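# A look at the structure
So the chains spell out like this:
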Amino acid sequence: MSAMTDPPKPAFRLSQLIYDTRYRSITIQVVAFALIAYGIWALVSNTIGNLADLGKDFDFGFLGQSAGYDINQMLIPYDNQDTHGRAALVGIANTLLVAVMGCVTALVIGVLAGVARLSKNWVVAKLMAVYVEGFRNIPLLLWILLIHAVVSEALPQPNAFRGADPSASMLLGDSVALTGRGFYFPRIGFTNSLSGTEAVAPREGYTAVASGGMDWLVILGVLAVSLVGIKLIRNRASRIQESTGVRPTTWYTQLGLLIIPTGIVLTVLGATIVTPYLKGFNFTEGMFLRSALVSLWVALSLYTGAFIAETVRAGILSVSKGQSEAAAALGMQPGRTMSLVILPQAMRVIIPPLISQFLNLTKNSSLALAVGYMDVRATLGGITIAQTGRELEGMLLLGAFYLTLSLVISGAMNIYNNSTKLMER
Amino acid sequence: MNKTVFLGALTVAGLVAASASAATLDDVKERGTLNCGVVTGLAGFGAPDANGVWTGFDVAMCRAVAAAVLGDKDAVEFVPTTGQTRFTALASGEIDLLARNTTWTFSRDTDLKFDFIGVNYYDGQGFLIPKELGVASAKDLDGATVCIQTGTTTELNLADFFRINNISYEPVPIETNAEGQQQYLAGACDVYTTDASGLAATRATFEAPGDHVLLPEIISKEPLGPLVRHGDSEWADIARWTLNALISAEELGISSSNVAELSAAPTDNPEVNRLLGTEGELGAMIGLDAGWAVAAISAGGNYGEIFEKNIGENTPIGLARGLNAQWTDGGLLYSPPFR
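The name given to chain B in an unreviewed UniProt entry is General L-amino acid transport system substrate-binding protein, and the organism recorded there is Yoonia ponticola. Quoted verbatim from the Sequence similarities (unreviewed entry) field of the UniProt record, the comment on chain B reads "Belongs to the bacterial solute-binding protein 3 family."

The name an unreviewed UniProt entry assigns to chain A is General L-amino acid transport system permease protein, from the organism Yoonia ponticola. Its UniProt record, at the heading Sequence similarities (unreviewed entry), says of chain A: "Belongs to the binding-protein-dependent transport system permease family. HisMQ subfamily."

Put into structure tokens, the structure is as follows:
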């Protein structure tokens, strides 16, 4: 027996870093890392150098200074003496509002259009094809501007509602006014408002009404308790059904629980419907949906809806034909087949690209200023930068905001995705 | 063992660290054109004509500087800027000079790191409103919807004015004058507010200018002037003294029609001679030819000629000289002496 000896180990040579596959990948990674690090360093040092040349510093102190400008749509209280930081928050709230509204309607439009495009009805299918291709293939900015132009030019201005013989009139029993500046709807006011600070009479001789946040909190709280109660009733009914086989009739208790407590609260608070009316230059009172918000919302929904429709169509087509045939064999109607068999399976394919579409819609909402909608890009990224000259700081903050928002949306949608995806054992 | 030759080539994109250079004059001369920031379109002040040639009161300032520095009034690259993009464009070095009815304020001069080189139009903020609304005073505008250009001083003045008078308004933010005009005519706002000169210029382009009135209130001081980046005093001097040359030329009676004659040989007036380079070394002191002022004045005429041709009473815009008359005529134009 001869002793086994290790083969001689060759000494490490520098050329192995390039020619030896064992080391080459490490070399490439080190070089790539060094280049990226150099690139970042060059950008940062160049920026610092340029700022120093211009005599500018890097300072976020401007966020605490008085903004001085007014914002038309305020979801949180704001005054032109408040800070730039507060103005940015008002803009963020407006961005979130249009993003949420847009995502919901885009999803509804997208699912309907996606299903309809697969319809056996030739006209419906082709109409949806025209919608999808038309919106998908024309830049969003054009759609926003077009829809805004239609809204603001085609609809009458408040002035047209004035006079003895007005050229325009309000709809639905003088309660809704559609003007080029926006849509005015009736709102709910409370004569016994809990916050009650801004109680004003809608017209001379009327009782003062207000609508504070406290009132709505109380109403929503009562409604939530009612819903919990309804859930308990249903659970009890299910238990009885499981043990006895007979489900007790509960619809009237459910309905009563839903309506009566909320109704009592509304009556106690003195809820009244306040309709908008002309006063001075504009309509006043009522709920005001600005034309900028309407056109941005409609454009974002239709544009993103077209993409979602394609995603939905792909998802439906990915479900094998045997599934719908099996459902038909069991005697299911086409509508129930779609909602109970096809769509739940299609969701697995639909949701991941749907996340991207929601992110796109949120980011595209930054085109808002084109129609004068004051989102965060218009307040922090526009007026604040122009008034304070803090381009770099403002843009960095804006970037951080959109990044955070996108990651939050993406994270939430991923949780939902995990709950619907196919469980493999 | 076969030796393989490692052929992977890494292409390194050279990061050209283009730092904003301090010597703007050298850059402009080397480039052969002046990059001048102007409005996106405001009749009389800066707008392309039917042939695509930029004309206007502020544009003439760009052309005068280009003529003084490069000897060619057409060696200008016009960069249209909005109220929001103008300062970034100037600070980043994209433009060398911003001549875009920009109000000279403390914070813009200091905090934003710009140098205003003078005032070429003394203005104030006004309100334009349709006659049919029957409003006689800006104080009657409670609840009105107001179109306002974002990122401007007028936006801040507006907020202050309504606040001081304790009345409310609904702002409609717009980005350019063209957008403001369209929104105002569509009735999306009751009132359009900006500098009174801009309102006059905008109204002049309406189909029926007589249906719209300027309210009597002028709610702010708006000294409009060209500006350059802070930190390059040589370049600021050139722009400043080009403007002064145009103002002095009017005062001294030098116009585009007689400038060639006056500069051909020294005249009896030593200040005219110094300005036109037939005496002294003023041009060399700012790093330009002796004939720099002759070129600047020849480009579009003196201040008075530029005013009359673009926005004066015989134009559709029809602005009177008012505060913008020479100090000898009771106005505020007062150029330091050329000495």
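Residue and element names in this part refer to chain B. Of all 6 residues in strand S8 (residues 125-130), 6 are buried; the element is thus mostly enclosed. Of the two faces of S8, the one carrying Gln125, Phe127 and Ile129 and the one carrying Gly126, Leu128 and Pro130 are both buried. Both S8 and strand S11 (residues 191-195) contribute to a ladder of 4 bridges, which runs antiparallel. Bridging from a neighbouring strand, Phe127 pairs with Thr193 of S11. Examined bridge by bridge, S8 and strand S12 (residues 212-214) share 3 bridges and lie antiparallel to one another. Residue pairing across strands places Ile129 opposite Val213, the latter belonging to S12.

Looking now at the packing of aromatic side chains. Overall, the coordinates contain 29 aromatic pairs over all chains when judged by the stated rule. Between A:Tyr303 and A:Phe307, the ring centres sit 5.2 Å apart and the planes meet at 65 degrees, which makes this aromatic pair edge-to-face. Of the two residues, A:Tyr303 and A:Phe307 both sit in helix H8 (residues 291-318), 4 residues apart, roughly one turn of that helix. We classify A:Tyr303 as buried; its relative accessible area is 15%. Ring centres 6.4 Å apart and planes at 35 degrees place the aromatic pair B:Trp292 and B:Phe338 in the tilted group. Placement of B:Trp292 in helix H12 (residues 292-300) and of B:Phe338 in the segment after helix H13 (303-310) is noted, with a sequence separation of 46 residues between them. You can call B:Phe338 buried: its relative accessible area is 3%. Ring-pair connections join several aromatic residues into one group, and the members of that group are B:Phe45, B:Phe57, B:Tyr121, B:Tyr303 and B:Phe307. In this structure, B:Arg321 is placed above the aromatic ring of B:Phe307, and the distance from its NZ or CZ to the ring centre is 5.1 Å.

Right, let's get into the domain arrangement of chain B. All names here are of chain B. Domain annotation for chain B reports domain 1 (24-120 + 225-329) and domain 2 (124-222). Of the roughly 1200 Å² buried between domain 1 and domain 2, counting both surfaces, carbon and sulfur atoms make up 59%. When the buried surface of domain 1 facing domain 2 is broken down by residue, Leu42, Gln84 and Thr103 rank first, second and third, together holding 32% of it. Joining domain 1 to domain 2, the criterion identifies 0 salt bridges. Taken together, the links from domain 1 to domain 2 amount to 4 residue pairs in polar contact (both at pLDDT 80 or more). It is strand S5 (residues 97-103) that contributes the most residues to the side of domain 1 that touches domain 2, 3 residues altogether. For the side of domain 1 that touches domain 2, the per-class residue count stands at 6 nonpolar, 8 polar and 3 charged.

Glancing now at empty space enclosed by the protein. All names here are of chain B. Overall, the coordinates contain 3 cavities of 30 Å³ or more when judged by the stated rule. Empty space within the largest cavity amounts to approximately 240 Å³. Surrounding the largest cavity, 21 residues form its lining, Arg100, Asn101, Gln149, Thr194 and Asp195 being those nearest its centre. Looking at the lining of the largest cavity, the elements that each hand over two or more residues are S5, helix H5 (153-164), S11 and helix H7 (196-204). For the lining of the largest cavity, the leading source of residues is S5, giving 4 residues.

Looking now at the interface of chain B and chain A. Taken together, the contact between chain B and chain A spans 51 residues of the former and 47 residues of the latter. Across the chain B-chain A interface, the total number found is 4 salt bridges. A salt bridge links B:Arg163 to A:Asp79, with the nearest nitrogen and oxygen atoms 2.8 Å apart. Scanning the region where chain B abuts chain A turns up 15 residue pairs in polar contact (both at pLDDT 80 or more). Taken together, the elements giving at least two residues each to the side of chain B that touches chain A come down to helix H3 (86-91), strand S9 (144-149), H5, strand S10 (169-174) and helix H6 (177-186) of chain B. Its residues assigned to classes, the side of chain B that touches chain A shows 25 nonpolar, 13 polar and 13 charged.

Take a nonpolar patch on the surface next. Residue and element names in this part refer to chain A. Residues Leu227, Trp251, Tyr252, Leu255, Leu258, Ile259, Ile260, Ile264 and Val268 make up a contiguous nonpolar surface patch of about 950 Å² in total accessible area. In terms of residues, the nonpolar patch owes the most to one element, helix H7 (residues 251-269), which gives 8 residues. With respect to the element layout, Trp251 can be found in helix H7.

Quick look at the sheet that holds strand S2 (residues 182-185) of chain A now. Residues and elements named next belong to chain A. Strand order in the open sheet made by the 3 strands is S1-S2-S7, with antiparallel pairing throughout. Strand pairing shows two members of the sheet lacking a second neighbour, strand S1 (177-179) and strand S7 (287-290), which therefore form its edges. Neighbour to neighbour, the strand axes of the sheet diverge by 15 degrees on average, direction disregarded. With 3 bridges joining them, S1 and S2 adopt antiparallel strand pairing. Paired with Ala177 across the bridge in S2 is Tyr184. In the packing of H8 onto the sheet, the strands contacted are S2 and S7, and the crossing angle to S7 comes to about 60 degrees.

One side chain can pair with another of opposite charge once the charged atoms of both are near each other. Residues and elements named next belong to chain A. Under the defined criterion, the tally for this structure stands at 15 salt bridges over all chains. For Asp20, the salt bridge identified is with Arg22, shortest N-O distance 2.8 Å. The shortest N-O distance in the salt bridge between Lys321 and Glu325 comes to 3.4 Å. One end of the pair is Lys321 and the other is Glu325, both in helix H9 (residues 321-329) and 4 residues apart, which spans about a single turn. Assessed through its relative accessible area of 47%, Glu325 is described here as partly exposed. Because the salt bridges share partners, they merge into one network encompassing Arg117, Glu133, Arg136, Glu310 and Arg313.

Another point: the state of the cysteines. Residues and elements named next belong to chain B. Applying the stated criterion across every chain yields a total of 2 disulfides over all chains. Each sulfur in the disulfide pair Cys36 and Cys62 lies 2.0 Å from the other. Sign of the S-S torsion, about -65 degrees for the bond between Cys36 and Cys62, identifies this disulfide as left-handed. In this pair, Cys36 is assigned in strand S1 (residues 34-38) and Cys62 in helix H2 (residues 57-70), connecting sequence segments 26 residues apart. Here Cys36 matches Cys62 in class, with each residue buried.

Rules and cut-offs
- Residues numbered from 1 in each chain as written.
- Chains lettered and ligands numbered in written order.
- Predicted model: local features only at pLDDT ≥ 70, side-chain atom pairs only at ≥ 80, totals over all residues.
- Heavy atoms only, no water.
- UniProt positions renumbered as here; feature names shortened; annotations may be inferred.
- Buried < 20%, exposed > 50% of the residue type's maximum accessible area, 1.4 Å probe, protein only.
- Helix = DSSP H or I, 4+ residues; strand = E, 2+ residues; numbered from the N terminus.
- Pairing = 2+ DSSP bridges.
- Phe/Tyr/Trp six-rings, centres within 6.5 Å; stacked < 30°, edge-to-face > 60°.
- Lys NZ or Arg CZ within 6 Å of the ring centre and 35° of its normal.
- Domains from an automatic or database assignment.
- Buried area = accessible area lost by both parts, 1.4 Å probe.
- Salt bridge = Lys/Arg side-chain N within 4 Å of Asp/Glu carboxyl O.
- Polar contact = N/O pair within 3.5 Å; in protein donor to acceptor, adjacent residues only side chain to side chain.
- Nonpolar A, V, L, I, M, F, W, Y, C, P; charged D, E, K, R; others polar.
- 1 Å grid on protein atoms, 1.4 Å probe; cavity = no way out; pocket = protein on both sides within 12 Å on 5 of 7 lines; lining within 4 Å.
- Points joined across faces, edges and corners; volume = space filled by probe spheres on them.
- Contact = heavy atoms within 4.5 Å.
- Patch = residues over 30% accessible without salt bridge, like charges linked within 9 Å, V, L, I, M, F, W, Y side chains within 5 Å.
- Areas by Shrake-Rupley, 256 points an atom, 1.4 Å probe, with all protein chains shown as cover.
- Axes fitted to C-alpha atoms, helices over the stretch in contact; angles between N-to-C directions.
- Disulfide = S-S within 2.5 Å.

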